[in-house]
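Observations on the model geometry
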Amino acid sequence: MSDILTIEDLHVEVEGKEVIKGINLEVKKGEIHAIMGPNGSGKSSLALAILGHPKYKITKGDIKINGESIINLPTDQRVKKGLFLSMQYPISIPGITLLTLMRASITSIYGLQQDSKEIATIIKIKKDLVNALKLLGLDESFTSRYINEGFSGGEKKRTEIVQLAMLKPKFAILDETDSGLDIDGIKIVSNAILEIYKNGMGLILITHYNRILKYIRPNYVHVLIDGKIIDSGGPELADHLEEKGYNWLKKVIT
């Protein structure tokens, strides 16, 4: 059976304010869903709620992976169930290298042989990390650099996708991965995402603009405004939004 991420009538509050107001969404393995909307519409709130950020309180509804509710699980357990989030604003982690982070993450998610194979596994992790860096146009020195310390905006976004390549989740939520990237960066990152996607996963792309969707064509596009999905369609909906903006949809719902 294909993996399925299901969001059912989801309501989310932040400090007493409702930011997600009854979202229903189903993402299957192999599907690409784009979530578009203006600033403040709830896109990042939805992503953080799915991953279990403690600030985002689910007041109603459910989130399921393959029919199993995950809303009572902490973030690390949701990751072990197959979720990944590329953050809109990746944070710096002084003192922790990318290689250390990947070793710790892979060990936590998949386990690590505690015998003679352990060294071979660690060597393989570093080799895979170097290959993932190359895929994103980054050199091997990033393996030993502290996470996002001194990175440009584009390098931060690229290393998020490096982590995606390494962790191989069932479902990836990419929150405005295209922000901070120049034209060449968008092409490199988009091609890398498509290469990783070939291995089999469900993708949720959160974006304001159509530019990344010109390279990664979604199966479905959903428009989120004021915490609600107010329209859904195929990739042509993204093209329509590029042409007309969001104001015409705001007028429809008011």
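You'll find the structure just up there.
On a predicted model such as this, the values are computed, not experimentally measured, just so you know. (Residues numbered from 1 in each chain as written. Predicted model: local features only at pLDDT ≥ 70, side-chain atom pairs only at ≥ 80, totals over all residues. Heavy atoms only, no water.)

Here we look at the overall build of the chain
Secondary structure assignment for the chain yields eight helices and twelve strands. Its C-alpha atoms give the chain a radius of gyration of 18 Å, within 12% of the compact-globule value 18 Å for 254 residues. Taken over the C-alpha atoms alone, the chain extends approximately 65 × 40 × 35 Å along its principal axes. Across the 254 residues of the chain, 48% fall into the buried class. For the chain, long-range pairs separated by at least 24 residues make up 68% of all intrachain contacts whose partners lie at least 6 apart in sequence. Accessible area of the chain: about 12200 Å², with a carbon and sulfur share of 51%. Positive and negative side-chain charges in the chain, numbering 33 and 31 respectively, have mean positions lying 1 Å apart. (Helix = DSSP H or I, 4+ residues; strand = E, 2+ residues; numbered from the N terminus. Rg over C-alpha atoms; globule rule 2.2 N^0.38 Å. Buried < 20%, exposed > 50% of the residue type's maximum accessible area, 1.4 Å probe, protein only. Contact = heavy atoms within 4.5 Å. Areas by Shrake-Rupley, 256 points an atom, 1.4 Å probe, with all protein chains shown as cover. Lys, Arg positive; Asp, Glu negative; His and termini not counted. Charge placed at Lys NZ, Arg CZ, Asp CG, Glu CD.)

Remarks on the packing of helix 3 (residues 98–110) against helix 5 (residues 153–167)
The geometry of helix 3 relative to helix 5 is characterised by a closest axis approach of 10 Å and an angle of 35 degrees between their N-to-C directions. For helix 3 against helix 5, the interelement crossing comes out right-handed. Taking contact as the criterion, the partners of Leu98, Leu101, Met102, Ser105, Ile106, Ile109 and Tyr110 in helix 3 are, on helix 5, Val162, Gln163, Met166 and Leu167. Class assignment for the residues of the contact of helix 3 with helix 5 results in nine nonpolar, two polar and no charged. (Axes fitted to C-alpha atoms, helices over the stretch in contact; angles between N-to-C directions. Left-handed = near helix turned anticlockwise from the far one by under 90°. Nonpolar A, V, L, I, M, F, W, Y, C, P; charged D, E, K, R; others polar.)

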